[in-house]
Amino acid sequence: MSLRIVVCVKYVPDATGDRHFAEDLTVDRDDVDGLLSELDEYAVEQALQIKEAADDDAEITVLTVGPEDAKDALRKALSMGADKAVHVEDDDLHGTDVMGTSLVLAKAIEKTGYDLVIAGMASTDGTMGVLPAILAERLGVPQVTLLSEVSVEDGTVKGRRDGDSASEQLEASLPAVVSVTDQSGEARYPSFKGIMAAKKKPVESLDLDDLDIEAEEVGLEGAWTKVDSATERPARTAGTIVKDEGEGGKQLAEFLAGQKFI
Amino acid sequence: MAEVLVYVDHVDGAVRKPTLELLTLARRVGEPVAVALGAGAADTAATLAEHGAVKVLTADAPEFADYLVVPKVDALQAAYEAVSPAAVLVPSSAEGKEIAARLAVRIKSGIITDAVDLEAGDEGPVATQSVFAAAFTTKSRITRGTPVITVKPNSAPVEAAPAAGAVEALSVSFSEQATGTKVTSRTPRESTGRPELTEAAIVVSGGRGVNGAENFAVIEALADSLGAAVGASRAAVDAGWYPHSNQVGQTGKSVSPQLYIASGISGAIQHRAGMQTSKTIVAINKDAEAPIFDLVDYGVVGDLFEVVPQLTEEVKSRKG
Ligand SMILES: Cc1cc2nc3c(=O)[nH]c(=O)nc-3n(C[C@H](O)[C@H](O)[C@H](O)COP(=O)(O)OP(=O)(O)OC[C@H]3O[C@@H](n4cnc5c(N)ncnc54)[C@H](O)[C@@H]3O)c2cc1C
Ligand SMILES: Nc1ncnc2c1ncn2[C@@H]1O[C@H](COP(=O)(O)O)[C@@H](O)[C@H]1O
């Protein structure tokens, strides 16, 4: 029985670009280049390693919910070695919050069919880090999240979660939802062969109708949260910068004393 | 006045500081009712009462330690159903966010994560968040259901506000999902004796410039002279010089201390994401062009191996 893995990947504005908000207070996606979230590359990498460990008896589908350009993220994941892709795209999705996105992803995952869902630890734009837990709740399957190490054997997923106060070993039966951290291992670069092969891999497009989701359940109007204002943080007032000429440590101490830290 | 549920983060009954900060915020929107789970839950009551909890709902069962997250969601949901609160506040730890998010799905409510402030508003609590690596500040509300909000450490002062803090046992029936993910072993993190990174008033961090695990002693010495926590950049962590649990930044801890001292750290956007809201920022870097200097209140261009030990000595002698 082949293992069906679905990897959730997000297309995000480049964090090193000048990110800002559009007039409707959604993330402006026009002025900053988008890319496959770096943190989701780790999810693709772990899917590939799980497939390799299963002697290739696995099929990896990468799934994204996002605008037209989000195909770039799918293409990158396919060129890393994923087998096929699903792109959920619909004009009514603009402004969807985490509750709506998780609904769409859950329906698309069910439609695709899965034994294992793998997500990143957080998206690099929203940075909530809660979507994998919500997916597990919606799908009614175990949540095995924030893993720095993961393996799958005989229908069981195991992994290490490094929490705030302890490091835990976790175990659950499939089907399950996993998320992996950036400690799980460097993601591979797509090879030239991988890039060429990706061009021929299937990308299925789905819209809300295909998933039996009403427009009111998603989008800015369907969101359960509302951003009332977004203000640019005032630039920090220029500080004092001194060059160390043998007294730098002492000068710094003087500053800290002035601020009552010493 | 409406009641507000506050999820308690504690270690064997010792309440962690972010929960006390939550109580301060909770009092702005209603009467805090605390929910404490697991071993030592009832021992939290005295501290919680001192800081404004009118009631403390407690539950203990082996499930809380033996299985991941879901048993706690079941318990928080039981508390939610017992109290019908105006809002649910949870500390923004990795686990806290997951608990809050699953509860929000179950009770069909919106969720806001990583708030840095909270005020009462005409249409429910208004949460302030710091986004895009702290380049923007947003104010948001929840428009559907009972607001579920997670709040970052150091977002509010801890205030004494004595209240009854009556302990009540919470009865929890675990869902089918509760035992889905087994915790087969747990290795507690060894205590360093230093303050908790996210809770510390002062954080001293080292980056690639520290150049070796053994050299982190220089950073630790400064931290100890100031009673500070030690942080590290991802470059230093990836090199194996310092534990990942001390990483500051997007994929590490987010800190917001009174004073942040960065040594040998360039100030990449992902690092800034975790420290930019610090009150006072100081950097030591030998490259005058390092982007970290755009953030600082005081910067020293120089070799950290000269500047930091001199600073440490000076701090020690001033403190006597
Ligand atoms: C998805 C993603 C997530 C990330 N998450 C994080 C994160 O959570 N936290 C994080 O920190 N980074 C994170 N990064 C990495 C980040 O982009 C940077 O690579 C990292 O912060 C660099 O660390 P650094 O400043 O220590 O090293 P460098 O950028 O190499 O800077 C070292 C600095 O030390 C100075 N220096 C060298 N020697 C000395 C000396 N003797 N005295 C004084 N100064 C000296 C140099 O001038 C230089 O400015 C992430 C990256 C990605 C892609
Ligand atoms: N629009 C999306 N499409 C596909 N996957 C997503 C999307 N949004 C979030 N995810 C997945 O959920 C993880 C956590 O996201 P978040 O909770 O938004 O920080 C990401 O690392 C992705 O794996």
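Structure's up top.
What you see is a predicted model, and the numbers here were worked out from it, not measured in a lab. (Residues numbered from 1 in each chain as written. Chains lettered and ligands numbered in written order. Predicted model: local features only at pLDDT ≥ 70, side-chain atom pairs only at ≥ 80, totals over all residues. Heavy atoms only, no water.)

### Side note on the site of ligand 1
Then step 1. Surveying the vicinity of ligand 1 reveals 27 residues, the closest of which are B:Arg208, B:Ser233, B:Ser266, B:Gln270 and B:Asn285.
Then step 2. One chain alone does not account for the residues near ligand 1; they come from chains A and B.
Then step 3. B:Asn285 has a polar side-chain atom sitting 2.7 Å from an oxygen atom of ligand 1.
Then step 4. Within the contact set of ligand 1, a nitrogen atom lies 3.1 Å away from a backbone nitrogen or oxygen of B:Lys286.
Then step 5. Listed by contribution, the elements that provide at least two residues to the shell around ligand 1 are helix H1 (38-53) of chain A together with helix H7 (234-238), helix H8 (269-272) and helix H9 (304-319) of chain B.
Then step 6. Among the residues making up the shell around ligand 1, the classes are represented as seven nonpolar, 14 polar and six charged. (Near = heavy atom within 4 Å. Polar contact = N/O pair within 3.5 Å; in protein donor to acceptor, adjacent residues only side chain to side chain. Helix = DSSP H or I, 4+ residues; strand = E, 2+ residues; numbered from the N terminus. Nonpolar A, V, L, I, M, F, W, Y, C, P; charged D, E, K, R; others polar.)

### Section: the packing of aromatic side chains
Then step 1. A full pass over the atoms with the stated rule returns six aromatic pairs over all chains.
Then step 2. When the centroid spacing of 5.3 Å and the interplanar angle of 75 degrees are considered together, the rings of A:Phe21 and B:Phe136 count as edge-to-face. Linking A:Phe21 in the loop between strand S2 (11-13) and strand S3 (34-36) with B:Phe136 in strand S9 (residues 136-142), this pair reaches from one chain into another. In this pair, the class of A:Phe21 matches that of B:Phe136, namely buried.
Then step 3. Grouping aromatic residues by their ring pairs yields a cluster made of A:Phe21, B:Phe132 and B:Phe136. (Phe/Tyr/Trp six-rings, centres within 6.5 Å; stacked < 30°, edge-to-face > 60°. Buried < 20%, exposed > 50% of the residue type's maximum accessible area, 1.4 Å probe, protein only.)

### Observations concerning helix H1 (residues 17-29) of chain B
Then step 1. When you tally the buried positions in H1(B), you get ten out of 13 residues, the bulk of the element.
Then step 2. Of the positions making up H1(B), those classed as buried are B:Pro18, B:Thr19, B:Leu20, B:Glu21, B:Leu22, B:Leu23, B:Thr24, B:Leu25, B:Ala26 and B:Val29.

### With respect to the sheet that holds strand S16 (residues 280-285) of chain B
Then step 1. Spatial strand order, S13(A)-S17(B)-S16(B)-S15(B)-S13(B)-S14(B): six strands in an open sheet with parallel pairing. At either margin of the open sheet sits one strand with a lone partner, and together these are strand S13 (240-243) of chain A together with strand S14 (229-232) of chain B. Across the sheet, the mean angle separating the axes of adjacent strands is 15 degrees when strand polarity is ignored.
Then step 2. Of the pairings in the sheet, the one linking S16(B) to strand S17 (residues 298-301) of chain B comprises four bridges and is parallel in character. Opposite B:Ile284, over in S17(B), you have B:Val300 as the bridge partner.
Then step 3. Against the sheet, H9(B) touches strand S15 (259-263), S16 and S17 of chain B, its axis set at about 135 degrees to S16(B). (Pairing = 2+ DSSP bridges. Axes fitted to C-alpha atoms, helices over the stretch in contact; angles between N-to-C directions. Contact = heavy atoms within 4.5 Å.)

### As for the interface of chain A and chain B
Note: interface size is frequently given as the accessible area lost on complex formation between the parts.
Then step 1. Of the residues lining the interface, 76 residues belong to chain A; the matching set on chain B comes to 84 residues.
Then step 2. Here chain A meets chain B over a buried area of about 7,000 Å², counting both sides, of which 56% is carbon and sulfur.
Then step 3. B:Arg186 is the partner of A:Glu168 in a salt bridge, and the nearest nitrogen-oxygen pair spans 2.9 Å.
Then step 4. The biggest single contributor to the side of chain A that touches chain B is helix H7 (residues 248-258) of chain A, with ten residues.
Then step 5. A breakdown of the residues in the side of chain A that touches chain B according to their chemical character gives 33 nonpolar, 23 polar and 20 charged.
Then step 6. Direction of pairing for strand S12 (residues 225-232) of chain A relative to S9(B): antiparallel, over a ladder of seven bridges. (Buried area = accessible area lost by both parts, 1.4 Å probe. Salt bridge = Lys/Arg side-chain N within 4 Å of Asp/Glu carboxyl O.)

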